[in-house]
Amino acid sequence: MRVLVKGAGVAGLTVAFELAARGVTVTVAEMRHGLGGNASWFAGGMLAPWCERESAEQPVLDLGRDAADWWDAVLSGQVTRAGTLVVAAPRDAGELDRFASRTSGHRRVDENEIALLEPDLAGRFRRGLLFPDEAHLDPRQAMAALHDKLATMGVKFHFGCDARPVSGFARQIDCMGMAAADDRLRGVRGEMLILRTPDVSLSRPVRLLHPRFPLYAVPRTDHRFMIGATMIESQSAGPVTARSMMELLGAAHALHPAFGEAEIVETGVGVRPAFPDNLPRVETDGEIIAINGLYRHGFLLAPAMARQAAGLVFSQDRTTELAHETDGQRRSA
């Protein structure tokens, strides 16, 4: 069976793997001229289903709890399993309590344990929440590694292709995100910075709660940190705004003053596709299967959605839109 996957973001790459692993002949077509530049490229890479439950529905936790295992099995060595630390300034202690009340899978930590977990934050925060079962990866390294692995599995890549219909494939899977022809989607703009400083070391993603601009800092290699991210209801992919830059830098400085002297290595904007309920969908219409609406949970939810889509490839029902897992969970909630 020959299957065409449209889009080489995280959704396209993960479903290409699921299909290739089942013996399908897969071709991936991407409008961009390389892996970079899409929403996945600017992602945080946090595999944090319990933390995300603070603002997301239960299906995000249910679909994402096995994501770290999937990435670890497919790309050994790419996943760091050090948990997530959530902190707040003493004046924002109420934000920490609210976060705790809306999530599970955490335990409270005091100032002494925060110092043990992250020595560079010693004395800066009195209370926090540790989510020990969460993990993270570097999205760009993961995408490059998955691309290379797919190539060794016989997957063909074509970059710089347009989105016109293509014949000669048994099924087509649309993973084009905001470029898909779906008027139900809206764009949610996320802005991020990459800072570099040798004066701060973190072992895990740290979320700093704040009533107006909560922040997360995700450690990368070479003393770099991904600082993000805003959530703005906009489809604009223009440069980071001055307001967002000031808020992100101010929050980073509140996390640790050394970020005030950090180099700004990169700024970036990703427009995440979202349905009105902010939940993903795997849908089929004839020979076409669509994965979309991953919102801010691309690396977290892509493995589960890819497995669903791969199952539909082998389904005999090609005329009716199939109820997907998130629909059932939403109805039973």
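Here, every reference points to the structure presented above.
Residues numbered from 1 in each chain as written. Predicted model: local features only at pLDDT ≥ 70, side-chain atom pairs only at ≥ 80, totals over all residues. Heavy atoms only, no water.

Caption draft 1: How the structure looks around the overall build of the protein. Within the protein, the regular secondary structure consists of 10 helices and 17 strands. Rg of the C-alpha trace for the protein: 20 Å, near the compact-globule value of 20 Å for 333 residues, within the 12% margin. Along the longest, intermediate and shortest principal axes, the C-alpha atoms of the protein span 60 × 45 × 35 Å. Of all 333 residues assigned to the protein, the portion counted as buried reaches 54%. Counted over contacts in the protein with a minimum sequence separation of 6, partners at least 24 positions apart contribute 77%. Within the structure as shown, the protein displays about 14,200 Å² of accessible surface, and the carbon and sulfur contribution to it stands at 50%. Counting 37 positive and 41 negative side-chain charges, the protein places the centres of these two groups 1 Å from one another. (Helix = DSSP H or I, 4+ residues; strand = E, 2+ residues; numbered from the N terminus. Rg over C-alpha atoms; globule rule 2.2 N^0.38 Å. Buried < 20%, exposed > 50% of the residue type's maximum accessible area, 1.4 Å probe, protein only. Contact = heavy atoms within 4.5 Å. Areas by Shrake-Rupley, 256 points an atom, 1.4 Å probe, with all protein chains shown as cover. Lys, Arg positive; Asp, Glu negative; His and termini not counted. Charge placed at Lys NZ, Arg CZ, Asp CG, Glu CD.)

Caption draft 2: Region of the structure containing the pairing of strand S11 (residues 206–209). Where burial is concerned, the two faces of S11 agree: the one with Val-206 and Leu-208 and the one with Arg-207 and Leu-209 are both buried. When strand S4 (residues 84–88) meets S11, the two strands line up parallel, connected through 4 bridges. Across the sheet, the residue bridging to Ala-88 is Leu-209, located in S11. In this structure, S11 lies alongside strand S12 (residues 215–219), joined through 3 bridges in antiparallel fashion. Counterpart to Val-206 in the pairing with S12 is Ala-217. What sits between S11 and S12 in their antiparallel hairpin is a turn of 5 residues. (Pairing = 2+ DSSP bridges.)

Caption draft 3: Inspection of the environment of Arg-127 at higher detail. Within the secondary structure, Arg-127 sits in strand S6 (residues 127–131). According to the relative accessible area criterion, Arg-127 is partly exposed, its value standing at 33%. Considering only alpha carbons, one finds Arg-127 and Ala-89, 38 residues apart in sequence, at a separation of 8.4 Å. Apart from the residues within four sequence positions on either side, Arg-127 is in contact with Val-87, Ala-88, Ala-93, Leu-96, Asp-97, Arg-108, Val-109 and Ile-114. A distance of 2.6 Å separates a polar atom in the side chain of Arg-127 from a polar atom in the side chain of Asp-97. (Polar contact = N/O pair within 3.5 Å; in protein donor to acceptor, adjacent residues only side chain to side chain.)

Caption draft 4: Focus on helix H9 (residues 298–313). Compared with an ideal rise of 1.5 Å per residue, which puts 16 residues at 22 Å, H9 spans 21 Å between its outermost C-alpha atoms and is within 8% of the ideal. Of all the bends in H9, the greatest, near 25°, is centred on Ala-304. Summarising burial for H9: 14 of the 16 residues are buried, a large majority. (Expected span 1.5 Å × (residues − 1). Bend = angle between axes of the 7 residues up to and from the residue.)

Caption draft 5: Examining helix H7 (residues 139–152) more closely. Across its 14 residues, H7 extends 20 Å between first and last C-alpha, which sits within 8% of the 20 Å expected from 1.5 Å per residue. Considered for burial, the residues of H7 that qualify are Pro-139, Ala-142, Met-143, Leu-146, His-147 and Leu-150. Taken down its axis, H7 places every buried residue within 135° of arc, on the same side. Contact partners of the buried residues in H7: helix H1 (10–21), helix H4 (67–74), strand S8 (156–159) and H9. Among the residues of H7, the N-terminal cap falls to Asp-138, whose side-chain oxygen and the backbone nitrogen of Arg-140 are separated by 3.0 Å. Directly beyond the C-terminal end of H7, a positive phi value near 95° is found at Gly-154. (Arc of directions from axis to C-beta.)

Caption draft 6: Quick peek at the state of the cysteines. With the rule as written, the count across this model stands at 0 disulfides. Cys-175 carries a free sulfur, and the closest cysteine sulfur to it, the one in Cys-161, is 15 Å from it. Owing to a relative accessible area of 9%, Cys-175 belongs among the buried residues under this scheme. (Disulfide = S-S within 2.5 Å.)

Caption draft 7: Expanded view of the packing of aromatic side chains. Here the structure, examined in full by the defined rule, presents 6 aromatic pairs. Ring geometry for Phe-17 against Trp-70: centres 5.7 Å apart, planes inclined by 85°, an arrangement best described as edge-to-face. Here the residue Phe-17 occupies a position in helix H1, and Trp-70 occupies one in helix H4, the gap between them amounting to 53 residues. Its relative accessible area of 12% is what places Phe-17 among the buried residues. What makes Trp-70 buried here is its relative accessible area of 7%. An angle of 10° between the planes, with centres 6.0 Å apart, marks the rings of Phe-157 and Phe-159 as stacked. Ring pairs connect the aromatic residues Phe-17, Trp-70, Trp-71 and Phe-299, which therefore count as one cluster. The ring of Phe-169 carries Arg-2 above its face, with NZ or CZ at 4.3 Å from the centroid. (Phe/Tyr/Trp six-rings, centres within 6.5 Å; stacked < 30°, edge-to-face > 60°. Lys NZ or Arg CZ within 6 Å of the ring centre and 35° of its normal.)

Caption draft 8: Structural view of unusual backbone geometry. Backbone geometry places Asn-278, a non-glycine residue, at a positive phi of 65°. You can see Asn-278 is positioned in the loop between strand S15 (263–274) and strand S16 (281–285). Classification of Asn-278 by relative accessible area gives partly exposed; the value is 23%. The phi angle at Tyr-295 is positive, at roughly 55°, despite the residue not being glycine. Tracing the backbone through its elements, the reader meets Tyr-295 in the loop between strand S17 (288–292) and H9.

Caption draft 9: Broad picture of the pairing of S12. With respect to burial, S12 is a largely interior element, 5 of its 5 residues being buried. Residue alternation in S12 divides its side chains into two sets, Leu-215, Ala-217 and Pro-219 and Tyr-216 and Val-218, and both sets are buried.

Any link to function would need more than the numbers given here.
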